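Below, each chain spelled out in residue letters.
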Amino acid sequence: MSFDAGDRAISVVRVDLYRARLELVHEFETSSHRKGHIEHILVRVADADGGTGWGEVACPSDPYYCEENVDTCWLMLKRYLVPALLDAAWTHPQQVGEHMSRVRGNRFAKAGLEMACWDLHARRAGISLAEALGGTASRVPAGVSLGIEPTVERLLETVERHARQGYRRVKLKIRPGWDVEPVRAVRSHFPQLALQVDANCAYRPGEESLSVLRRLDRLGLSMIEQPFAAGDLLAHRDLQRALDTPVCLDESIVDADSAALALALGACRVVNIKVSRLGGLGPARALHDLCRERGIPVWCGGMHEFGIGRAANVAIASLPGFTLPGDVSGSDKYYARDLVQPPVAAHGGEVPVPWDRPGLGHEIVSERLEEALMLTETMTARSAAPA
Ligand code: OSB
Ligand code: MG
């Protein structure tokens, strides 16, 4: 390390927002909706010395996964979050969240800006983001999340393709009416496959759901993710008591309080950690630490990230508590051509952690960003000349 950036105050003097759109190579359907393309917001921060960092707001375009959408993120960044950051001095990215804390919620929007500050910090220090976060792994095990398909045959083909590529585990999206039959079919064709399911809140607590979930309980799944509504921790606790399969929470856990409550209740035995859902890398690391103390295994979830957000997922997944394969896959699973070089790629079911490259370890290719660009906005600090 050339110098200790942790001692010097950083202030961001310029922020560029880029709303970018990429087509998905394969349509993705969950219990709530189907998508053929993804629009995310890329965030570039610059300090007065010419240092830069990139982040990604990986918020869905529509408010069907969480309350935010891509337009609310753009508005919140422009009106509140970027102005708050441009007025702030900080010495470590862990403090960036405090400068944004006056704004309630809006965690996806916050996460993109905070991530850019981590990248800036790590680059100034001449270290990888994995090192800045306290990561330890040199490779992270890769898994895939597979959407609902029109037929069981198509699902089996999709599973087969990803298993052949070496992915270590497969997560299937389920919803009422697309659950026991497709999951049983996959289990019987791939008896050894590490398999789990994700309902994105689609079931209502009660006898009917319980009978479906009990049938899934006999299929040797690694976990059942978020069957019930985000706020219904009691239903998840009751379910966890009724099943052998671990329940995993995603949407339910948005901050330290919801995590502490879920763990105290025994509402889950596994936690999905998503940088975006939690409002950034700092909160994601804090949740990792809490779960590690409590002996709760965690894995890194995804939101169809482009290369920037995907690289951040790889970095956080290098922390020692990430003992389960996550939804960290190569970006070619979703996009024909990503926005970064080198691409985030899986080899033999693992994604290497770029310890030898500063920051995120992947650089934006400006021509590609140009091609994908929908909208851009530049904001500068009143005090400083734009970098
Ligand atoms: O619940 O994990 C989820 C994608 C969009 C919204 C919610 C979820 C997902 C995924 C995809 O499962 C994970 C990935 O990025 O590969
Ligand atoms: Mg999920």
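What counts, and where the lines are drawn
- Starting from 1, residues in each chain are numbered consecutively following that chain's sequence as written.
- As a convention, the first chain written is A and the first ligand written is 1, with the rest following in written order.
- Restriction of local features to residues with pLDDT of at least 70 applies here, the model being predicted, together with a cutoff of 80 or more for giving and counting side-chain atom pairs; totals for whole chains, interfaces and linings are based on all residues.
- Hydrogens are left out, water is left out, and the side-chain values use all remaining heavy atoms of the structure.
- Where helices and strands are cited, they refer to DSSP runs of H or I of at least four residues and of E of at least two residues respectively, numbered from the N terminus.
- Categorising residues by exposure relies on relative accessible area from a 1.4 Å probe, with only protein chains included: less than 20% of the type maximum marks a residue as buried, more than 50% marks it as exposed, and the intermediate range marks it as partly exposed.
- Should any heavy atoms of two residues lie within 4.5 Å, those residues are counted as being in contact.
- Under the counting rule used here, the positive set is Lys and Arg, the negative set is Asp and Glu, and His together with the chain ends is not counted.
- A single reference atom marks each charge: NZ on Lys, CZ on Arg, CG on Asp, CD on Glu.
- When a carboxyl oxygen of Asp or Glu is within 4 Å of a side-chain nitrogen of Lys or Arg, the pair counts as a salt bridge.
- Per the annotation, domain bounds derive from an automatic or database assignment of domains.
- Throughout, the accessible surface (probe 1.4 Å) given up by two parts as they are put together, summed over both, is called the buried area.
- Polar here means any residue other than Ala, Val, Leu, Ile, Met, Phe, Trp, Tyr, Cys and Pro, which are nonpolar, and Asp, Glu, Lys and Arg, which are charged; Gly is therefore polar.
- Donors, by definition, are the N, O and S atoms found within 2.8 Å of a metal, the threshold being 3.2 Å for Na, K and Ca, and water is not counted, so a site can look incomplete.
- Here, nonpolar core means buried Ala, Val, Leu, Ile, Met, Phe, Trp, Tyr and Cys residues that are tied together by side-chain atoms lying within 4.5 Å of each other.
- Criterion used throughout: strands pair if DSSP finds at least two bridges between them.
- Each axis is a line fitted through C-alpha atoms, taken for helices only over the stretch in contact, and angles between the N-to-C directions span 0 to 180 degrees.
- Only heavy atoms are used to decide nearness, and a residue is near a molecule or strand if one of them lies within 4 Å of it.
- For this analysis, a polar contact is any N or O atom pair within 3.5 Å, provided that within protein one partner can donate a hydrogen and the other can accept it, and provided that sequence-adjacent residues contribute only side-chain to side-chain pairs.
- Areas reported here follow the Shrake-Rupley algorithm with a probe of radius 1.4 Å; residue values treat only the protein chains shown as occluding.
- In what follows, roughly perpendicular refers to angles from 65 to 115 degrees, roughly parallel to angles under 35, roughly antiparallel to angles over 145, and oblique to any angle outside these ranges.
- Crossing handedness is read from the near helix: turned anticlockwise from the far helix by less than a right angle, it gives a left-handed crossing, and turned clockwise, a right-handed one.

Asker: Tell me about the overall build of the protein chain, residues and numbers included.
Answerer: Scanning the protein chain from N- to C-terminus turns up 13 helices and 15 strands. Overall size of the protein chain, expressed as C-alpha extent along the three principal axes, is 65 × 40 × 35 Å. Here the protein chain, with 387 residues, has 59% of them falling under the buried criterion. Put simply, of all contacts in the protein chain between residues at least 6 apart along the chain, 74% involve residues at least 24 apart. Taking the average location of the 44 positive side-chain charges in the protein chain and that of its 50 negative ones, the two points are 2 Å from each other.

Asker: I'd like a description of the pattern of salt bridges, backed by residues and values.
Answerer: Overall, the coordinates contain 27 salt bridges when judged by the stated rule. Linking Asp250 and Arg277 is a salt bridge whose minimum nitrogen-to-oxygen distance equals 2.7 Å. Within this pair, whereas Asp250 is found in the loop between β9 (247-249) and α9 (256-265), its partner Arg277 is found in helix α10 (residues 275-278), the two being separated by 27 residues in sequence. By relative accessible area, which is 0% here, Asp250 ends up buried.

Asker: Give me the lowdown on the domain arrangement of the protein chain, citing residues and values where you can.
Answerer: For the protein chain, the assigned domains read domain 1 (10-125 + 367-384) and domain 2 (132-363). With 37 residues of domain 1 in contact, the opposing surface of domain 2 contributes 52 residues. Both faces considered, domain 1 and domain 2 share a buried interface measuring about 3,700 Å² in area, 62% of it formed by carbon and sulfur atoms. Where domain 1 touches domain 2, the interface holds four salt bridges. Between Arg107 and Asp255 there is a salt bridge, and its shortest N-O distance comes to 3.7 Å. The biggest single contributor to the side of domain 1 that touches domain 2 is helix α3 (residues 107-125), with eleven residues. Here the residues of the side of domain 1 that touches domain 2 sort into 18 nonpolar, eight polar and eleven charged.

Asker: Give me the lowdown on the coordination of the magnesium ion (ligand 2), citing residues and values where you can.
Answerer: Angles at a metal have ideal values that depend on geometry: 109.5 degrees with four tetrahedral donors, 90 or 180 degrees with six octahedral donors. Bound to the magnesium ion (ligand 2) on the protein side are Asp198 (OD), Glu225 (OE) and Asp250 (OD), at distances that span 2.1 to 2.3 Å. Along the chain, the residues donating to the magnesium ion (ligand 2) fall in the pattern D-x26-E-x24-D. With Asp198 in strand β7 (residues 194-198) and Asp250 in the loop between β9 and α9, this pair connects stretches of sequence that are 52 residues apart.

Asker: Help me get a handle on the nonpolar core, residues and values and all.
Answerer: In this structure, Leu172, Leu216 and Val271 are the most contacted members of the largest nonpolar core, which totals 95 residues. Mapping this core onto the domain boundaries places at least three of its residues in each of domain 1 (10-125 + 367-384) and domain 2 (132-363). With near-sequence residues (within four places) excluded, Leu172 lies in contact with Leu146, Leu155, Val159, Val183, Val186, Leu195, Gln196, Val197 and Asp198.

Asker: Got a sec to walk through helix α12 (residues 307-316)? Specific residues and values, please.
Answerer: Within α12, ten of the ten residues are buried, which leaves it mostly tucked inside the rest of the structure. Taken together, the buried positions of α12 are occupied by Gly307, Ile308, Gly309, Arg310, Ala311, Ala312, Asn313, Val314, Ala315 and Ile316.

Asker: Provide a residue-level description of the sheet that holds strand β11 (residues 298-300), including the pertinent values.
Answerer: Pairing is parallel in the open sheet, where seven strands are placed in the order β5-β6-β7-β8-β9-β10-β11. Sheet topology places β5 (143-146) and β11 at the edges, where each strand pairs with a single neighbour. Pairing of β5 with strand β6 (residues 169-173), which is carried by four bridges, proceeds in the parallel orientation. Bridged to Val144 within β6 is Val170. Each of β10 (270-273) and β11 touches helix α11 (residues 281-294); the most contacted strand, β10, lies at about 165° to it.

Asker: Outline the environment of Val159, listing residues and values.
Answerer: Along the chain, Val159 turns up in helix α5 (residues 152-164). In the structure, Val159 is positioned 153 residues away from Ala312 in sequence and 26 Å away in space, judged by C-alpha atoms. Excluding residues within four positions of it along the chain, Val159 makes contact with Leu146, Val170, Leu172, Val186, Phe190 and Leu193.

Asker: Help me get a handle on the site of ligand 1, residues and values and all.
Answerer: The environment of ligand 1 is formed by 14 residues, the closest being Ser145, Asp198, Asn200, His304 and Tyr334. Contact between ligand 1 and Ser145: an oxygen atom at 2.8 Å from a side-chain N or O atom of the residue. Taking His304, its main chain carries an N or O atom lying 2.7 Å from an oxygen atom of ligand 1. The fraction of the free accessible surface of ligand 1 (390 Å²) that becomes covered by protein chains is 98%. Grouping the amino acids of the shell around ligand 1 by side-chain chemistry returns three nonpolar, four polar and seven charged.

Asker: Please provide a residue-by-residue account of the sheet that holds strand β3 (residues 52-57), values included.
Answerer: Pairing is antiparallel across the open sheet formed by four strands, whose spatial order is β3-β2-β1-β15. The open sheet has two free edges, formed respectively by β3 and β15 (373-380), since each of these has just one partner strand. Across the sheet, the axes of successive neighbouring strands diverge by a mean angle of 20°, strand direction being ignored. Relative to β3, strand β2 (residues 34-47) runs antiparallel, the two sharing six bridges. Counterpart to Ala46 in the pairing with β3 is Thr52. Each of β1 (12-29), β2, β3 and β15 is contacted by helix α1 (residues 70-86), which is oriented at about 155° to β1, the strand it contacts most. The strands that α3 touches are β1, β2 and β3; relative to β3, the one it contacts most, it runs at about 155°.

Asker: Could you give an account of the packing of α5 against helix α6 (residues 180-189), naming the residues involved and the relevant values?
Answerer: Pairs of packed helices are described in terms of their axes, by the angle between the two and the distance that separates them. Relative orientation of the contacting elements α5 and α6 amounts to 45°, with a least axis distance of 10 Å. Taken together, α5 and α6 sit at an angle that is classed as oblique. Judged by the twist between their axes, the crossing of α5 over α6 is right-handed. Across from Val152, Leu155, Leu156 and Val159 in α5, the residues of α6 making contact are Glu181, Pro182, Ala185, Val186 and His189. For the contact of α5 with α6, a count of residues per class yields seven nonpolar, one polar and one charged.

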